[in-house]
Amino acid sequence: MSKLVSTIDIRGHIYLTDTLFNSVQIFDKSGQALLVFGRQGMNSGEFSLPAGISISRDDKIYVADSYNMRVQVFRYLKAGEGKGEGKGEGEGEGKGEGIGKGKGEGKDEKRK
């Protein structure tokens, strides 16, 4: 049986932890899915029964990772931040990762 725990950030985004799928899901105000991250495991960005979530004013996402006995810290990156890859912060025993949608840099070269 899955247990969902939720919170809302200052933009009205809804954050859910899903214990069945060991993930965090982010939705906009209208309920459209924006991002899902996490999976079963013990590494950074992986969870084992994520049972709580909190969002700080500076967009840090704190996830209580119960069976791994840690709190993981993430940051939601807005479009264009991080140049395609998130940069993150870690606190305590859990390492954090940046998440979000960014624009990557690259060139489309065509052969002649």
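Quick note: structure is the one above.
Structure report, in brief. Just so you know, these numbers come straight off a predicted model, no measurement behind them.

Here the focus is the pattern of salt bridges. Going through the model one piece at a time under the given rule, you end up with four salt bridges. The closest approach of N and O atoms between R11 and D9, which form a salt bridge, is 3.2 Å. In this structure R11 comes out as partly exposed when scored by relative accessible area, which is 25%. When its relative accessible area of 6% is taken as the criterion, D9 is described as buried. As a salt-bridge pair, R39 and E46 come within 2.9 Å of each other at their nearest N and O atoms. Residue classification places R39 among the exposed positions, given a relative accessible area of 54%. Judged by its relative accessible area of 8%, E46 falls in the buried class. Here the salt bridges do not stand alone but share partners, grouping D9, R11 and D59 into one network.

Bringing the nonpolar core into the picture now. Counting 14 residues, the largest nonpolar core has I26, I53 and I61 as the members making the most contacts within it. Counting only elements with at least two residues in this core, the list comes to β3 (23-27), β4 (33-37), β5 (50-55), β6 (60-65) and β7 (70-77). With three residues, the top contributor of residues to this core is β4.

Rules behind the numbers
Residues numbered from 1 in each chain as written. Predicted model: local features only at pLDDT ≥ 70, side-chain atom pairs only at ≥ 80, totals over all residues. Heavy atoms only, no water. Salt bridge = Lys/Arg side-chain N within 4 Å of Asp/Glu carboxyl O. Buried < 20%, exposed > 50% of the residue type's maximum accessible area, 1.4 Å probe, protein only. Core = buried A, V, L, I, M, F, W, Y, C linked by side-chain atoms within 4.5 Å. Helix = DSSP H or I, 4+ residues; strand = E, 2+ residues; numbered from the N terminus.

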